[in-house]
Every structure is written in structure tokens, then in C-alpha cells.
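# Chain and residue survey
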Amino acid sequence: MSGGTDSVQEGCVFCRIARGLIPSDKIYEDGDFLAFYDLSPQAPVHFLVIPKRHIESLMDLAEADRNLAGGLLIKARELAEKLGCAGKGGRFVINCKSDGGQTVPHLHLHVLAGRPLCWPPG
Ligand code: 5GP
Ligand code: ZN
């Protein structure tokens, strides 16, 4: 899998978190992924899973990123399970670009759980 911190963007907050330059409340880390609690939690459980490699958004995923994209989802499921969210589930969200409400331009998957979440989003 392509990974590591070989592709980082200096001004990117999540690249900086991935390199340990900005502290975060880490849940999991390996060569390809990092998971940490969201700074502004919207549910009792709210964490983010990111690829360490800088990919701006879901729209920037390439065919070659197939394994990375699958790995991101599987890691989110694994961690949600570990945090006791398997029974009631939760919401697994990727906001994409301006209409999707993406505020940090580094691909990330939100995991929100621990309370019922309304649908549809506004
Ligand atoms: P987006 O709106 O791009 O889908 O989500 C970005 C998320 O990153 C937001 O929920 C925001 O609270 C979180 N966030 C932004 N900066 C930081 C940070 O420095 N540390 C952590 N832990 N979360 C952050
Ligand atoms: Zn980045």
C-alpha cells in the first residue's frame, strides 16, 4: 500500500497532526493511517480516521488508492467496534469539498456514535 508521510503538505493541519507537529488525542496509528478524536465532538464518540498521505478529498482518490480507501473504511469499523459502537452503530461520514462542508482539505472519515443521529443532514 502506498503510505507513510512521504507526501505531506506543509500548511495542512492533518499532515501536521500525522507528523506529530500538532498534538492530538490518538486512538490508533500505523504506517498508513492515523485515528484521533475530533477537537469539536458532535457525539459522545467522534473520531477521525485519516490516511497519513496527503490526499485532499474523496474526489482526489485514484484507482491506485483502492486499497487505501478500503483500508480506511475497515479501520473505521475496527475502531468503532473497539470503542463499543458495534451494537448500535453510528454514522461514518466523509464530507467532500465545499458543498459537502469539508473544512480540512485532507481526506478524513468521521465516525460519530453514542447517540441517535438525525437524517437527513441540513
Ligand atoms: P470536515 O468539516 O472537514 O469534514 O471536518 C474537519 C473536522 O476536523 C472538524 O470536525 C474539526 O472539529 C476537526 N478538526 C479541525 N482541526 C482539528 C485539530 O487540530 N485537531 C483535531 N483533533 N480535530 C480537528
Ligand atoms: Zn494533509
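In this report, the structure presented in the accompanying data block is examined.

Conventions we followed
- Residues numbered from 1 in each chain as written.
- Chains lettered and ligands numbered in written order.
- Predicted model: local features only at pLDDT ≥ 70, side-chain atom pairs only at ≥ 80, totals over all residues.
- Heavy atoms only, no water.
- Buried < 20%, exposed > 50% of the residue type's maximum accessible area, 1.4 Å probe, protein only.
- Helix = DSSP H or I, 4+ residues; strand = E, 2+ residues; numbered from the N terminus.
- Pairing = 2+ DSSP bridges.
- Near = heavy atom within 4 Å.
- Polar contact = N/O pair within 3.5 Å; in protein donor to acceptor, adjacent residues only side chain to side chain.
- Areas by Shrake-Rupley, 256 points an atom, 1.4 Å probe, with all protein chains shown as cover.
- Nonpolar A, V, L, I, M, F, W, Y, C, P; charged D, E, K, R; others polar.
- Lys, Arg positive; Asp, Glu negative; His and termini not counted.
- Salt bridge = Lys/Arg side-chain N within 4 Å of Asp/Glu carboxyl O.
- Contact = heavy atoms within 4.5 Å.
- Donors = N, O, S within 2.8 Å, 3.2 Å for Na, K, Ca; no water.
- Tetrahedral: all angles 85-135°; square planar, octahedral: opposite > 155°, others 65-115°.

## A closer look at the pairing of strand β5 (residues 109-113)
Among the 5 residues of β5, 5 are classified as buried, and the element is accordingly described as predominantly covered. Neither face of β5 is exposed, since Leu109, Val111 and Ala113 on one face and His110 and Leu112 on the opposite face are all buried. Where strand β3 (residues 45-51) lies against β5, 5 bridges are found, and the strand directions are antiparallel. Bridge pairing links valine 49 to leucine 109 in β5. Pairing geometry for strand β4 (residues 90-93) and β5, over 4 bridges, is antiparallel. By the bridge assignment, arginine 91 is partnered in β5 with leucine 112.

## With respect to the environment of asparagine 67
Examined against the element boundaries, asparagine 67 turns out to sit in helix α2 (residues 66-82). The sequence separation of asparagine 67 and serine 7 amounts to 60 residues, and the corresponding C-alpha distance is 17 Å.

## Points about the site of ligand 1
Looking at ligand 1, there are 16 residues lining it, with Tyr37, Asp38, Asn95, Thr103 and His110 nearest. Asparagine 95 places a polar side-chain atom, nitrogen or oxygen, 2.8 Å from an oxygen atom of ligand 1. Coverage of ligand 1 by the protein chains reaches 82% of its 520 Å² of free accessible surface. Breaking the shell around ligand 1 down by element, the ones donating at least two residues are α1 (13-18) and β2 (33-37). The dominant element in the shell around ligand 1, judged by the number of residues it contributes, is α1, at 3 residues. Residue composition of the shell around ligand 1, grouped by class: 8 nonpolar, 7 polar and 1 charged.

## Examining the side chain of aspartate 38
Relative to the helices and strands, aspartate 38 is located in the loop between β2 and β3. The side chain of aspartate 38 sits in the buried core without any salt bridge; arginine 115 is the nearest counter-charge, 12 Å away. Not counting residues up to four positions away in its chain, the partners in contact with aspartate 38 are His46, Phe47, Leu48 and His110.

## A word on the environment of glutamate 78
Relative to the helices and strands, glutamate 78 is located in helix α2. Residue classification places glutamate 78 among the partly exposed residues on the basis of a relative accessible area of 30%. Side chain to side chain, glutamate 78 and lysine 75 meet in a polar contact 2.6 Å long.

## Observations concerning the coordination of the zinc ion (ligand 2)
Every protein donor of the zinc ion (ligand 2) is accounted for by Cys12 (SG), Cys15 (SG), His54 (ND1) and His106 (ND1), and the metal-donor separations fall at 2.0 to 2.3 Å. Relative to the metal, the 4 donor atoms surrounding the zinc ion (ligand 2) lie at angles of 105 to 117°, and the coordination shape comes out tetrahedral.

## Brief notes about unusual backbone geometry
Tryptophan 119 connects to proline 120 through a cis peptide bond whose omega is 5°. Secondary-structure assignment places proline 120 in the segment after β5. For lysine 97, which is not glycine, the phi torsion reads 55° and is therefore positive. Along the chain, lysine 97 turns up in helix α3 (residues 97-100).

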